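Each chain, letter by letter, is given below.
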Amino acid sequence: MYLIARGKNMGLREAEQAKAKAKQQAFHSYIRETAGTAKPSATDELARLSETKAKGDLTDEEFQRAKEKILH
């Protein structure tokens, strides 16, 4: 009797729970990816700094100071 009266809603609740679980897994995956790339490595920072200097946006002195900060 219970299954006849409530059976239709049981399937809906199960589908909603599956959607919620998928959303939660996607959220956790996003957090792991974001946390893993939060801080670039010193090599990445030096490469970006070199590109900025090559564009002419930094003087030699500014480049050296920024490079020292990255390395120490």
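All residue numbers here refer to positions counted from 1 along the written sequence of the relevant chain. In keeping with the predicted nature of the model, local features appear solely for residues at pLDDT of at least 70, side-chain atom pairs appear and are counted solely at 80 or more, and the whole-chain, interface and lining totals rest on all residues. For side-chain calculations, the full set of non-hydrogen atoms in the structure is used, while hydrogens and water are omitted.

(A) Structural view of the overall build of the protein. Only DSSP runs of H or I with at least four residues qualify as helices, and only runs of E with at least two residues qualify as strands; both kinds are numbered from the N terminus onward. Per the secondary structure count, the protein includes 3 helices and 0 strands. From first element to last, N terminus to C terminus, the protein shows the α and β order α-α-α. Under the scheme applied here, a residue whose accessible area is under 20% of the maximum for its type counts as buried, over 50% as exposed, and between as partly exposed, the area being computed with a 1.4 Å probe on protein chains only. Counting all 72 residues of the protein, 4% fall into the buried class.

(B) Region of interest: a nonpolar patch on the surface. Together, F27, Y30 and I31 give the surface a local cluster of nonpolar side chains, amounting to about 320 Å² of exposed area. Structurally, Y30 is set in helix α1 (residues 2–36). The patches reported here contain residues having more than 30% relative accessible area and no salt bridge. Joining distances are 9 Å for like charges and 5 Å for nonpolar side chains (Val, Leu, Ile, Met, Phe, Trp, Tyr). Areas reported as accessible are Shrake-Rupley estimates using a 1.4 Å probe. Residue values count occlusion only from the protein chains shown. Should a side-chain nitrogen of Lys or Arg be within 4 Å of a carboxyl oxygen of Asp or Glu, the pair is scored as a salt bridge.

(C) A look at the packing of helix α2 (residues 42–54) against helix α3 (residues 60–71). What counts as an axis is a line fitted to C-alpha atoms, over the stretch in contact for a helix, and the angles between N-to-C directions run from 0 to 180 degrees. The contact between α2 and α3 brings their axes to 10 Å, and the two run at 175 degrees. Of the possible angle classes, the one that applies to α2 and α3 is roughly antiparallel. Across the interface between the two elements, A42, E45, L46, L49, S50 and K53 of α2 pack against D60, F63, A66, K67, I70 and L71 of α3. Roughly parallel refers to an angle under 35 degrees, roughly antiparallel to one over 145, roughly perpendicular to one between 65 and 115, and oblique to any angle outside these ranges. Working rule for contacts: check all heavy atoms of both residues, and any pair within 4.5 Å makes them a contact.

(D) Region of interest: the pattern of salt bridges. What the rule picks out here adds up to 2 salt bridges. Across the salt bridge formed by K53 and D60, the nearest N and O atoms sit 3.0 Å from each other. A salt bridge links R65 to E61, with the shortest nitrogen-to-oxygen separation between them at 3.3 Å. Residue R65 and its partner E61 are both found in helix α3; the two are separated by 4 residues, about one turn of the helix.

(E) Highlighting the confidence of the model for the protein. pLDDT measures the predictor's confidence residue by residue and takes values from 0 up to 100. Averaged over every residue, the pLDDT of the protein is 83; residues scoring 70 or more account for 86%. Element-level mean pLDDT values for the protein span from 80 in α1 up to 90 in α3.

(F) Layout of the packing of aromatic side chains. Pairing of aromatic side chains here covers Phe, Tyr and the six-membered ring of Trp, requires ring centres within 6.5 Å, and sorts the geometry by plane angle: under 30 degrees stacked, over 60 edge-to-face, intermediate tilted. For the structure shown, the criterion picks out 0 aromatic pairs. Of note, K53 hangs over the ring of F63, and the distance from its end group to the ring centre comes to 5.5 Å. Geometrically, a lysine NZ or arginine CZ counts as sitting over a ring once it is within 6 Å of the ring centre and also within 35 degrees of the ring normal.

(G) Looking closely at α2. What a helix should span is 1.5 Å times the count of its residues minus one. In this model α2 runs 18 Å from its N-terminal to its C-terminal C-alpha over 13 residues, within 8% of the 18 Å that 1.5 Å per residue would give. Looking one or two residues beyond α2, the residue adopting positive phi is G56, at roughly 95 degrees.

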